[in-house]
Amino acid sequence: MGCCKCKTTKPFHSVKGLWVNLEKDQLFCLLGPNGAGKTTTISCLTGITPITGGDALIYGHSVRSSVGMSNIRRMIGVCPQFDILWDALTANEHLELFASIKGLPPATIKSVAEESLARVKLSQAANVRAGSYSGGMKRRLSVAIALIGDPKLVFLDEPTTGMDPITRRHVWDIIEEAKKGRAIVLTTHSMEEADILSDRIAIMAKGKLRCIGTSIRLKSKFGTGYIANVNFSGNGHTQSPNISSNTEVPVNPNIETVKWFFKERLDVDPKEESRTFLTFVIPHQKEPLLTRFFGELQDREGEFGISDIQLGLTTLEEVFLNIAKQAELESSTAEGTLVTLNMSSGASIQIPKGARFVGIPGTETEEHPRGIMVEVYWDQDDNGSLCISGHSDEIPVPVNVELRRPPSLSRRASMGRGGPVGYIIDPNQVP
Ligand SMILES: Nc1ncnc2c1ncn2[C@@H]1O[C@H](COP(=O)(O)OP(=O)(O)OP(=O)(O)O)[C@@H](O)[C@H]1O
Ligand SMILES: [Mg+2]
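Residues numbered from 1 in each chain as written. Chains lettered and ligands numbered in written order. Predicted model: local features only at pLDDT ≥ 70, side-chain atom pairs only at ≥ 80, totals over all residues. Heavy atoms only, no water.

The name given to the chain in an unreviewed UniProt entry is PtrATH2, and the organism recorded there is Arundo donax. UniProt lists a comment for the chain under the heading Sequence similarities (unreviewed entry), and it reads "Belongs to the ABC transporter superfamily. ABCA family. CPR flippase (TC 3.A.1.211) subfamily." Of the comments in the UniProt record for the chain, the one headed Subcellular location (unreviewed entry) reads "Membrane". (UniProt positions renumbered as here; feature names shortened; annotations may be inferred.)

This is the structure we're talking about:
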């Protein structure tokens, strides 16, 4: 399925090449950064935005045919990202209206509306105009509208946005209950919500599907590895001899020993540490060592003053961030925009945004005939755009590595204001 939103200028694909199947009795969760194409996908599947390429079948009906779409409309329920409610109508009137649009028998409409409102805890406000509702109340009414009339496929676009934690948990129960007998598509920016409710998760970024699977599978495939939390009983604090008495920082010798133990056996440093706990991220490659390692750590718990060890897979949030960063790297590299890399040596070079390994022009010497290269570290700023966070030590360019000029670079541009333009090195060629 694809959706191209611009026809007068260069085509912009909000969603491109999306292949998914949605199963009955399951909740399919679409995750992705802002602008990834989640709402557009839902709009295409519900007939709001026409598809410009491909097709989607809902219970055998095509979203591209008007007959198909009118059949589809009868069997779907939608909670849009932004509430579409009438300020002058009460919750009861909203539900009665949608129940009759869905074709429910007139005799049942009143009781169905009452039941729906009770389910989302809006009974007390049933006869109050929606215009005076709080944000969370409006969302609950939208969820009730989406579920009325027993739809076979329900789309919930960020249904719990703006809800307090208690209401959110209650709505999670409603969604979990609603899975029976139907397929649900949910989008959310809450990783906790995705983890709790989803049977399958897809992550989109920049209009494309990046990965799909169960939460556990995504964590093990796209997460960095395992997270180990080690808690200490709090005994054995001593004062560091190097620290003056007015800036007392107690040092727990056990913590230092455990840090050494992790470093020596697994070559990992703590990601977070305090006076009572240590958190380590252990890469997947270390998996073969883990059984023995944690066996020994457990045996020596008393000796190290450990009160508790927890080992788990990395979080869904980490998977999300990794995928979003990867998508940003790919699209920046494809754009070929040049940015300035200020080297720790004081020199500056221009490099394509997103490039990982770059060769530094003019560093060829007799000792290093192919010159010097660095690995560039990228981070994302508050808007999700890539920015340089640092670079590795300078190392000689290996013999068999190919040095390429960035594509679409004119001769004149190869020596710009930010210094000479670096060579791109394919990461697959770097040993
Ligand atoms: N009507 C439109 N005309 C042109 N571009 C649009 C239109 N609607 C959405 N877009 C673009 O399509 C892309 C996908 O938008 P979409 O609303 O589907 O993102 P999203 O994943 O739902 O994001 P969010 O998490 O912020 O809700 C964005 O780049 C957006 O600017
Ligand atoms: Mg959206």
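Now that the structure has been shown, we can carry on.
1. A short note on the coordination of the magnesium ion (ligand 2)
At 1.9 to 2.2 Å from the magnesium ion (ligand 2) lie its protein donor atoms, namely Thr39 (OG1) and Gln81 (OE1). Of this pair, threonine 39 sits in helix 1 (residues 38-45) while glutamine 81 sits in the loop between strand 6 (76-79) and helix 3 (91-101), and the two are 42 residues apart along the sequence. Accessibility expressed as a relative area gives 31% for threonine 39, which makes it partly exposed. (Donors = N, O, S within 2.8 Å, 3.2 Å for Na, K, Ca; no water. Helix = DSSP H or I, 4+ residues; strand = E, 2+ residues; numbered from the N terminus. Buried < 20%, exposed > 50% of the residue type's maximum accessible area, 1.4 Å probe, protein only.)

2. Thoughts on the sheet that holds strand 11 (residues 225-232)
The strand order across the open sheet formed by 4 strands is 14-15-11-16, and the pairing between neighbours is antiparallel. Looking at strand neighbours, the two that pair on one side only are strand 14 (270-273) and strand 16 (306-313), the edges of this open sheet. Going across the sheet, the axis of each strand differs from the next one's by a mean of 15 degrees, ignoring polarity. Two elements, strand 14 and strand 15 (residues 277-283), share 3 bridges in a ladder whose sense is antiparallel. (Pairing = 2+ DSSP bridges. Axes fitted to C-alpha atoms, helices over the stretch in contact; angles between N-to-C directions.)

3. Considering the domain arrangement of the chain
A common way to express how large an interface is: the accessible area buried when the components associate. In terms of domains, the chain is made up of domain 1 (3-221), domain 2 (224-313) and domain 3 (336-429). Between domain 1 and domain 2, the C-alpha centre-to-centre distance is 44 Å. (Domains from an automatic or database assignment.)

4. Regarding the site of ligand 1
Surveying the vicinity of ligand 1 reveals 14 residues, the closest of which are Gly35, Lys38, Thr39, Thr40 and His189. Interatomic distance of 3.1 Å between a backbone N/O atom of alanine 36 and an oxygen atom of ligand 1. Residue glutamine 81 places a side-chain N or O atom 2.9 Å away from an oxygen atom belonging to ligand 1. About the coverage of ligand 1: the protein hides 61% of its 640 Å² of free accessible area. (Near = heavy atom within 4 Å. Polar contact = N/O pair within 3.5 Å; in protein donor to acceptor, adjacent residues only side chain to side chain. Areas by Shrake-Rupley, 256 points an atom, 1.4 Å probe, with all protein chains shown as cover.)

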